[in-house]
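Observations on the model geometry
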Amino acid sequence: MIRFSVLKWVPPFARGSVKEFRVRWALEEAGLPYEEEVLTPEDQNGDAYRARQIFGQVPAYEEDGLAMCESGAILLHVAEKSDTLMPRDAQGRARTLQWVFAAVTSVQPAVDQVTALDFFYAQEEWAKLRRPSAEEFLLRRLGQLSARLEGREWLEERFTAGDLMMVTVLRDLRHTDILTRFPPLAVYVKRAEARPAFQKALADHTALYAEAAKAEAAE
Ligand SMILES: N[C@@H](CCC(=O)N[C@@H](CS)C(=O)NCC(=O)O)C(=O)O
């Protein structure tokens with residue numbers, strides 16, 4: 001049975017963005033059954049877990065004797081099992097790898113610069129000074145991506161793991177109005193979010209934090 005780790009608690013802004021969500025969504029697309037391994041902070045810092053994920057982060061993944069970590073690598077591993085995520089022809093496969101890497105190495109860093117400022121340092125003077133140039137860089141990247149998606153449903157002729165990864169990265173901007181400035185991107189994210197596998201994964205991910213959300217709403 002496939003098993004991946006999830007965090008018992010995350011702050012509200014992180015819900016829907018925890019990197020286990022990518023794996024969960026991919027497994028739903030692939031139609032593969034799985035179990036969650038729910039981690040407390042003590043579990044994360046224990047030797048047993050660190051042996052599987054040296055940074056103590058999620059997700060870590062296990063399957064029939066295989067133990068691995070890093071959401072991008074896990075996504076590609078799962079994608080190899082599923083025609084929905086990975087075309088079988090060599091070119092389609094190579095292009096899927098290209099888009100997964102574009103998402104994590106060309107778009108995610110630009111997104112992360114803005115989200116880190118917004119979520120962790122918003123009140124700092126230096127962050128207020130840095131924010132406009134971080135956003136400007138991000139807008140340039142998003143403009144380039146948006147041009148690719150103009151008139152297309154997906155990055156290639158069909159949905160792949162590349163779209164799954166790209167959409168999880170773009171969704172990290174949902175606390176801003178930035179995507180609305182790029183209609184092809186806004187529509188692309190909505191199209192992906194309408195997929196039944198996405199809906200199921202998000203519902204299950206959110207359910208982990210339902211009790212915490214109720215308590216926070218009552219405060
Ligand atoms: N590069 C890693 C990053 C994983 C990561 O950042 N995980 C975060 C949640 S989104 C985490 O476990 N944070 C808890 C911590 O660092 O203690 C991956 O993609 O799997």
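That block above? That's the structure.
Quick summary incoming for the structure in this document.

About the cut-offs
- For every chain, the first residue of the written sequence is number 1, and numbering continues from 1 along that sequence.
- Predicted model: local features are reported for residues with pLDDT of at least 70 only, side-chain atom pairs are reported and counted for 80 or more only, and whole-chain, interface and lining totals are derived from all residues.
- Side-chain measures were taken over the full set of non-hydrogen atoms in the model, leaving aside hydrogen atoms and water.
- What counts as a salt bridge is simple: a side-chain nitrogen of Lys or Arg found within 4 Å of a carboxyl oxygen of Asp or Glu.
- The helix and strand labels rest on DSSP assignments: H or I over at least four residues marks a helix, E over at least two residues marks a strand, and numbering proceeds from the N terminus.
- Exposure classes here rest on a 1.4 Å probe applied to the protein chains alone. A residue is buried below 20% of its type maximum, exposed above 50%, and partly exposed in between.
- At least two DSSP bridges between two strands are required for those strands to pair.

If you walk through the whole model with that rule in mind, you get 22 salt bridges. Across the salt bridge formed by arginine 131 and aspartate 118, the nearest N and O atoms sit 2.6 Å from each other. Of this pair, arginine 131 sits in helix H6 (residues 125-149) while aspartate 118 sits in helix H5 (residues 90-120), and the two are 13 residues apart along the sequence. The salt bridge partner of glutamate 135 is arginine 181, with a shortest N-O separation of 3.0 Å. Highlighted residues: glutamate 135 in helix H6 and arginine 181 in the loop between helix H7 (161-170) and helix H8 (183-193), separated in sequence by 46 residues. The class of glutamate 135 is buried, set by a relative accessible area of 17%. Taking relative accessible area as the criterion, arginine 181 reaches 40% and is therefore assigned partly exposed. Each member of the salt-bridge network shares a partner with another, and the members are Asp118, Arg131, Glu135, Asp177 and Arg181.

Next up on the list: the pairing of strand S3 (residues 60-63). Pairing geometry for strand S1 (residues 2-7) and S3, over two bridges, is antiparallel. Paired with arginine 3 across the two strands is glutamate 62, which belongs to S3. Alignment of S3 against strand S4 (residues 66-69), held across four bridges, turns out to be antiparallel. Residue alanine 60 lies in a different strand from S4, and its bridge partner there is cysteine 69. Between S3 and S4, which follow one another and run antiparallel, lie two residues, and aspartate 64 among them has a positive phi close to 45°.

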